[in-house]
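# Structural description and commentary
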Amino acid sequence: MTSLGETLDPLRAIFRKQIRHLFRYPGEVIFLFIIPYFLTALVVAMGVSVGGTNAFGNFASQTGSTLNPFVFLMIGSGVWMISWLILESIGTSLRDEQIKGTLEQNFLAPINRFLLLVGTALSQIVITSLMFAGIIVASVLLLEPRGAPGLILAFGILMIGLLPLFGLGFVFAGLVVRFKEPYAFTQAMNVLFAVVTGTFYNVTVLPAWVRYVSAAVPMTIVIQDMRLAVESINLLIDAFGSIFILLTMGIVYPFLGYSLFKQFERRAKVSGDRSKY
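Calculation notes
Residues numbered from 1 in each chain as written. Predicted model: local features only at pLDDT ≥ 70, side-chain atom pairs only at ≥ 80, totals over all residues. Heavy atoms only, no water. Helix = DSSP H or I, 4+ residues; strand = E, 2+ residues; numbered from the N terminus. Buried < 20%, exposed > 50% of the residue type's maximum accessible area, 1.4 Å probe, protein only. Contact = heavy atoms within 4.5 Å. Areas by Shrake-Rupley, 256 points an atom, 1.4 Å probe, with all protein chains shown as cover. Salt bridge = Lys/Arg side-chain N within 4 Å of Asp/Glu carboxyl O. Phe/Tyr/Trp six-rings, centres within 6.5 Å; stacked < 30°, edge-to-face > 60°. Expected span 1.5 Å × (residues − 1). 1 Å grid on protein atoms, 1.4 Å probe; cavity = no way out; pocket = protein on both sides within 12 Å on 5 of 7 lines; lining within 4 Å. Points joined across faces, edges and corners; volume = space filled by probe spheres on them. Nonpolar A, V, L, I, M, F, W, Y, C, P; charged D, E, K, R; others polar. Core = buried A, V, L, I, M, F, W, Y, C linked by side-chain atoms within 4.5 Å. Polar contact = N/O pair within 3.5 Å; in protein donor to acceptor, adjacent residues only side chain to side chain. pLDDT = per-residue confidence, 0-100.

Attention now moves to the overall build of the chain. Along the backbone of the chain there are 12 helices and zero strands. When the helices and strands of the chain are read in sequence order from the N terminus, they spell out α-α-α-α-α-α-α-α-α-α-α-α. Within the span of the chain, comprising 277 residues, buried residues form 47% of the whole. For the chain, the proportion of contacts with a sequence separation of at least 24, taken over those separated by at least 6, is 81%. Approximately 13500 Å² of the chain is accessible, and the part contributed by carbon and sulfur atoms is 71%.

In structure tokens:
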């Protein structure tokens, strides 16, 4: 019978390996922190150039938020950047292993496939926490200090939101086994998420049929609830139902994602796709 230590040892090894890979190129990590600031500054600059002195007033009336516009946008762009990184990392990690010739070795190792995916997913919590501090916490403390107490709740919402996001990452990992080229698909989906999740605006401005799609993406709820948590904890309490929906996604999405991954893997065993590049 396998002991708990024997189960956790490969998980720790995978976790350490992914952490080393994440920080192997410091320039890339720094770039991840810069992008949200650049995109937000670009949007604010365009808004001010068009709206003039009424820009901030127009922003408040259109969004219904009392947050500083830069903070409002930084929360959206920060969460989007985190989701981009996670989906890209989990979705392409198997492809990287495949190119390096180590995927077959990992799949032949006497460990559960689930540990390969979970170890990769857990490593993302580290970079997510750092990005939360460097992007969202920094902008709130500098520009919206009254919202500092809500940062703890905002971080909790982000952690809950990672669970369904991991499930989507499992789906992308399965697509690697099947189609071998995940990059175009993950990048297209990440751009789509930026549109439907309300990264730089409230989703209420989207057409009704798009809002149905938006409601199925966990980052939509994460962005909205994190903004509410920073703006006022009482507003978040009123929106408690959305957190329950997010928790439900956190249970359902990983299960469905791993089920699809196993289905793609079984197909690869029969067709020999695992050995094709």
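Its location among the elements puts leucine 67 in the loop between helix H3 (55-63) and helix H4 (69-100). Considered as a pair, leucine 67 and serine 232 are 165 residues apart in the sequence and their alpha carbons are 9.5 Å apart. Residues within four places of leucine 67 in sequence aside, it is in contact with Phe72, Ile75, Glu144, Arg146, Arg227, Val230 and Glu231.

Before going further, it helps to examine the pattern of salt bridges. All chains considered together, the criterion is met by one salt bridge. The residue arginine 146 makes a salt bridge to glutamate 144 at a minimum N-O spacing of 2.6 Å.

Let us look at the packing of aromatic side chains. One pass over the structure, following the stated rule, counts three aromatic pairs. For the ring pair phenylalanine 59 and phenylalanine 72, a centre distance of 5.2 Å and an interplane angle of 85° mean the geometry is edge-to-face. Pair noted here: phenylalanine 59 is in helix H3 and phenylalanine 72 is in helix H4, with a separation of 13 residues, a long-range link. One exposure class covers both phenylalanine 59 and phenylalanine 72, and it is buried.

Here the focus is helix H10 (residues 218-231). Look at H10: 20 Å from first C-alpha to last across 14 residues, which is about the 20 Å you get at 1.5 Å a residue. Counting buried positions along H10 gives 12 out of 14 residues, so the element sits mostly inside the fold. Listed in full, the buried residues belonging to H10 are Pro218, Met219, Thr220, Ile221, Val222, Ile223, Asp225, Met226, Arg227, Ala229, Val230 and Glu231.

Time to look at the layout of surface pockets. The computed volume of the second largest pocket comes to approximately 340 Å³. If you go around the second largest pocket, you meet 18 residues; those closest to its centre are Val43, Gly47, Ala55, Asn58 and Phe59. Of all the elements in the fold, those that place two or more residues in the lining of the second largest pocket are helix H2 (26-51), H3 and H4. For the lining of the second largest pocket, the residue count by class is 12 nonpolar, six polar and no charged.

Turning our eyes to something else, we now look at the environment of valine 210. Summarising the element assignment, valine 210 is placed in helix H9 (residues 208-215). Sequence separation of valine 210 and valine 196 is 14 residues, and the distance between their C-alpha atoms is 6.9 Å.

Side chains of nonpolar character tend, in soluble globular proteins, to be buried together. Ranked by internal contacts, the top residues of the largest apolar core, which has 57 residues, are Met131, Phe132, Ile136, Val222 and Met226. Where this core is concerned, the elements lending two or more residues are helix H1 (4-22), H2, H4, helix H6 (113-143), helix H7 (150-179), helix H8 (183-196), H10 and helix H12 (240-271). Ranked by residues supplied to this core, first place goes to H4 with 13 residues. Methionine 226 has contacts with Ile75, Val79, Phe132, Ile136, Ala154, Ile157 and Leu158, leaving out every residue within four places of it along the chain.

This brings us to the environment of valine 217. Summarising the element assignment, valine 217 is placed in the loop between H9 and H10. Between the C-alpha atoms of valine 217 and leucine 165, which are 52 residues apart in sequence, the distance is 8.6 Å. Here valine 217 is in contact with Phe193, Val196 and Thr197, once residues within four sequence places are set aside.

Mapped onto the fold, asparagine 202 is located in the loop between H8 and H9. Relative accessible area serves as the criterion here: at 17%, asparagine 202 is assigned to the buried category. Within the local environment of asparagine 202, its side chain forms a polar contact with the backbone oxygen of threonine 63, the two atoms lying 2.6 Å apart. Residues within four places of asparagine 202 in sequence aside, it is in contact with Thr63, Phe72 and Arg227.

Across the chain, pLDDT averages 81, with 82% of residues at or above 70. Per-element confidence in the chain is highest for H10, whose mean pLDDT is 90, and lowest for helix H5 (residues 103-108), whose mean pLDDT is 66.

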